[in-house]
Amino acid sequence: MAAVDVADWSADSNDAVHISLIKPVEGGVKPLHTFHPKMSYSIFGDEESIFGYQGLKINLKYNASDMRPGLQITYSKKFKTVGETSPTDLKAILENYLPKTAFGKTKDYETSITQIAPDWKPPGELYRTSESGGQTFEVWKGCLADLAVQQLVKRIQILVPMFIEGGTFIELKDPEWSLERWTVFFLYNKRSAEAAPGVSPYVFMGYATVYRYFYYQPLTPPTSPSNSSKKAPIERPATLDFQLPISGVSFSDLPCRSRISQFLILPPFQGGGHGARFYNTIFDFYLAEPQTLEITVEDPNEAFDDLRDLNDLARLRTDPEFTNLRMNTNVTVRSKGPAPKDIVDPEQVDKLRKKFKIAPRQFSRLVEMYLLSLIP
Ligand code: ACO
C-alpha cells in the first residue's frame, strides 16, 4: 500500500472552523457575521491540525440572540482508516465542548431557531442600556446558579479556548452554593429597527464572568508594643478562601474581591470601543456594590491590560484628589543604604485606591503612568 501523504489529508483547525451568528429568515437562516477561531490548540492539539479530511468545513452556527448552537461538518473526501491511522473523530472531540443539542440535524436546528419567541430576552436582569452611533446596547447580568444563565454559558464556553489564551471552562456541575459565586455579564446589541417581524432583535456581542473571593479583613489592626511609635503598615488583606456552605452564610453577603475571570468581545465587534464600554459597565456595577472591596482581573493578556489601564486611568482622571497627586521631588534614589522616601504620599494613595476598589499592584501602575504623564 502507498504511504499516506499526511499533508493531503490535514487541515488547519483554525481555518476549518467557521463560526457564524445567524438569524432566521423566510425559508431558512441568514448569517450576520462569520469568523474563525484565534486559536484551537486546546481542542484539536498543539499542531492545530485535523487529520483525515479534504475540503473540511466545521460550521459552528449560533442563533444570534439565544446563542443556540448547531454544528455541521462537511468535507469532500474522508480518509479510509488504515490500520491505526484513522480520521480525527470530530464529533467525539467537540462533544466535550458543546451541548448535545448542537449535534442534531441541520433542518431540525433551523426549525428550532424559527420557533424562538420574538420577545425572547437574555437571561438574568437588564443592568444597563446605552446608545452609541445610533445603536442600542444592553448589558444583562445574572448569577451562574440561574439555569437560564447556565444554559447560555454552556452554549458559548467553547469560545473561551478559541479566543482567550489559557482560558478555562467553568465547572457547571459544581454545587449551587459554588455556582452562586459566579456572576455573568452578557453584552447585546439590540437591533429593533432591523429585526424582521417575529424575530428577536438581540445580537450577542460578548460576555464576561466574575468570581467572588471572600476578602479577609482582620477585625483589629496588628500592633506590636516595640513598634508602637512606628506607623502601622498599610493593610494588605489576604484572600482567604474557605469551604461553604456554612449555615446561614451566603457569599453574596460577605466582603469580597470580585475577579473578572473571562472577558470576550466576539471578533466582528472588536476594536469599536465595545470592550471598553463593557469593562466600564462591569466596573461601575462593582464600584456601587458594597460587598466588593476590590475589583481584580485573572491573568489578563496584553490587549486586556491595555484596555484596563486606559479605562482605569480615564476613570481616575475624573477625580480631583487623584489629579492633584504630585511626585515628591526630594526623593533621591540610592543603590545602597536605606530605602528612599515614597515618591507619593502612601496614605493618600491607599485612600484613593480603596475608593476606586483597584488592587494595589494595578493602582501603583496607574499612579506611575499618571505621574509620568505629568513630566513635561
Ligand atoms: N472606534 C475605533 N476604535 C476604537 C473605538 C472606536 N469607537 N474605541 C476604542 N477603539 C480602539 C481602542 O483605542 C483600542 O485601540 P488599541 O488596540 O490601539 O489600544 C481598541 O479599539 C480596542 O478597544 P475596544 O474596542 O474597546 O476593545 P475590544 O472591543 O476590541 O475588546 C478585547 C478588547 C476584550 C481584548 C477583545 O479584543 C477580545 O475579546 N479579545 C479576545 C479575547 C481576549 O483576549 N479577552 C481578554 C482575555 S483576559 C481575560 O479574559 C481576563
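To keep things clear, this report deals only with the structure shown in the data block. Being a predicted model, the structure only gives us computed values, none of them experimental. (Residues numbered from 1 in each chain as written. Predicted model: local features only at pLDDT ≥ 70, side-chain atom pairs only at ≥ 80, totals over all residues. Heavy atoms only, no water.)

Some points on the packing of aromatic side chains
Here is step 1 of the chain: The full count for this structure, using the stated rule, is 24 aromatic pairs.
Here is step 2 of the chain: When the ring of Phe 263 is compared with that of Phe 278, the centres are 5.3 Å apart and the planes differ by 45°; the resulting orientation is tilted. Pair noted here: Phe 263 is in strand β13 (residues 256–265) and Phe 278 is in helix α8 (residues 274–288), with a separation of 15 residues, a long-range link.
Here is step 3 of the chain: On the basis of relative accessibility, which here comes to 14%, the residue Phe 263 falls in the buried class.
Here is step 4 of the chain: Pairwise contacts between aromatic rings join Trp 120, Trp 140, Phe 186, Tyr 188, Tyr 202, Phe 204 and Tyr 207 into one cluster. (Phe/Tyr/Trp six-rings, centres within 6.5 Å; stacked < 30°, edge-to-face > 60°. Helix = DSSP H or I, 4+ residues; strand = E, 2+ residues; numbered from the N terminus. Buried < 20%, exposed > 50% of the residue type's maximum accessible area, 1.4 Å probe, protein only.)

So, the site of the ligand
Here is step 1 of the chain: If you check the shell around the ligand, you find 21 residues, and the closest are Phe 263, Ile 265, Gly 271, Gly 273 and Asn 301.
Here is step 2 of the chain: The separation between a nitrogen atom of the ligand and a polar main-chain atom of Phe 263 is 2.7 Å.
Here is step 3 of the chain: Within the backbone of Gly 275, an N or O atom sits 2.8 Å from an oxygen atom of the ligand.
Here is step 4 of the chain: The biggest single contributor to the shell around the ligand is β13, with 5 residues.
Here is step 5 of the chain: Looking at the shell around the ligand residue by residue, the class counts come to 11 nonpolar, 9 polar and 1 charged. (Near = heavy atom within 4 Å. Polar contact = N/O pair within 3.5 Å; in protein donor to acceptor, adjacent residues only side chain to side chain. Nonpolar A, V, L, I, M, F, W, Y, C, P; charged D, E, K, R; others polar.)

Remarks on the pairing of strand β3 (residues 28–35)
Here is step 1 of the chain: Relative to β3, strand β2 (residues 17–25) runs antiparallel, the two sharing 7 bridges. What sits directly across from Ile 22, in β3, is Pro 31.
Here is step 2 of the chain: Between β2 and the antiparallel strand that follows it, β3, lie 2 residues; Gly 27 among them carries a positive phi value of about 80°. (Pairing = 2+ DSSP bridges.)

What to know about the sheet that holds β3
Here is step 1 of the chain: Spatial strand order, β3-β2-β6-β7: 4 strands in an open sheet with mixed pairing. The outermost strands of the open sheet, each flanked by one partner alone, are β3 and β7 (69–74). Here the average twist between neighbouring strands, direction ignored, is 30°.
Here is step 2 of the chain: Across the sheet, helix α4 (residues 106–114) lies against β2, β3, β6 (57–63) and β7, angled at about 20° from β6, the strand it touches most. (Axes fitted to C-alpha atoms, helices over the stretch in contact; angles between N-to-C directions. Contact = heavy atoms within 4.5 Å.)

Some details on unusual backbone geometry
Here is step 1 of the chain: Phi angles above zero are rare outside glycine, and Met 67 is one such case at about 55°.
Here is step 2 of the chain: Along the chain, the position of Met 67 falls in the loop between β6 and β7.
Here is step 3 of the chain: A positive phi angle, close to 55°, is found at Lys 357, a residue other than glycine.
Here is step 4 of the chain: The residue Lys 357 is located in the loop between α11 (346–356) and α12 (360–374) in this model.

Section: the environment of Glu 110
Here is step 1 of the chain: Inspection of the secondary structure puts Glu 110 in helix α4.
Here is step 2 of the chain: Separated by 86 residues in the primary sequence, Glu 110 and Pro 24 place their C-alpha atoms 7.5 Å from one another.
Here is step 3 of the chain: With sequence-adjacent residues up to four places away left out, Glu 110 is seen in contact with Val 29 and Lys 61.

Some details on the sheet that holds strand β11 (residues 182–190)
Here is step 1 of the chain: Across the sheet, 6 strands lie side by side as β9-β10-β11-β12-β13-β14; this open sheet has mixed pairing. Bordering the open sheet on either side are β9 (125–132) and β14 (292–297), each of which pairs with just one other strand. Pairwise comparison of adjacent strand axes, ignoring direction, gives a mean angle of 25° for this sheet.
Here is step 2 of the chain: Alignment of β9 against strand β10 (residues 135–143), held across 7 bridges, turns out to be antiparallel. Its bridge partner lying in β10, Glu 125 is registered against Lys 141.
Here is step 3 of the chain: Here helix α5 (residues 147–156) sits on the sheet in contact with β10, β11 and β12 (202–214), set at roughly 75° to β11.

A word on the pattern of salt bridges
Here is step 1 of the chain: Scanning the entire structure with this criterion turns up 16 salt bridges.
Here is step 2 of the chain: The partner of Lys 141 in a salt bridge is Glu 125, with the nearest N and O atoms 3.5 Å apart. One end of the pair, Lys 141, is in strand β10; the other, Glu 125, is in strand β9, and 16 residues separate them in sequence.
Here is step 3 of the chain: In this structure, Asp 319 and Lys 355 form a salt bridge, with 2.5 Å as the shortest nitrogen-oxygen distance. One end of the pair, Asp 319, is in the loop between α9 (302–316) and α10 (320–323); the other, Lys 355, is in helix α11, and 36 residues separate them in sequence.
Here is step 4 of the chain: For Asp 319, a relative accessible area of 8% gives the class buried.
Here is step 5 of the chain: Of the residues examined, Lys 355 reaches a relative accessible area of 45% and is grouped as partly exposed. (Salt bridge = Lys/Arg side-chain N within 4 Å of Asp/Glu carboxyl O.)

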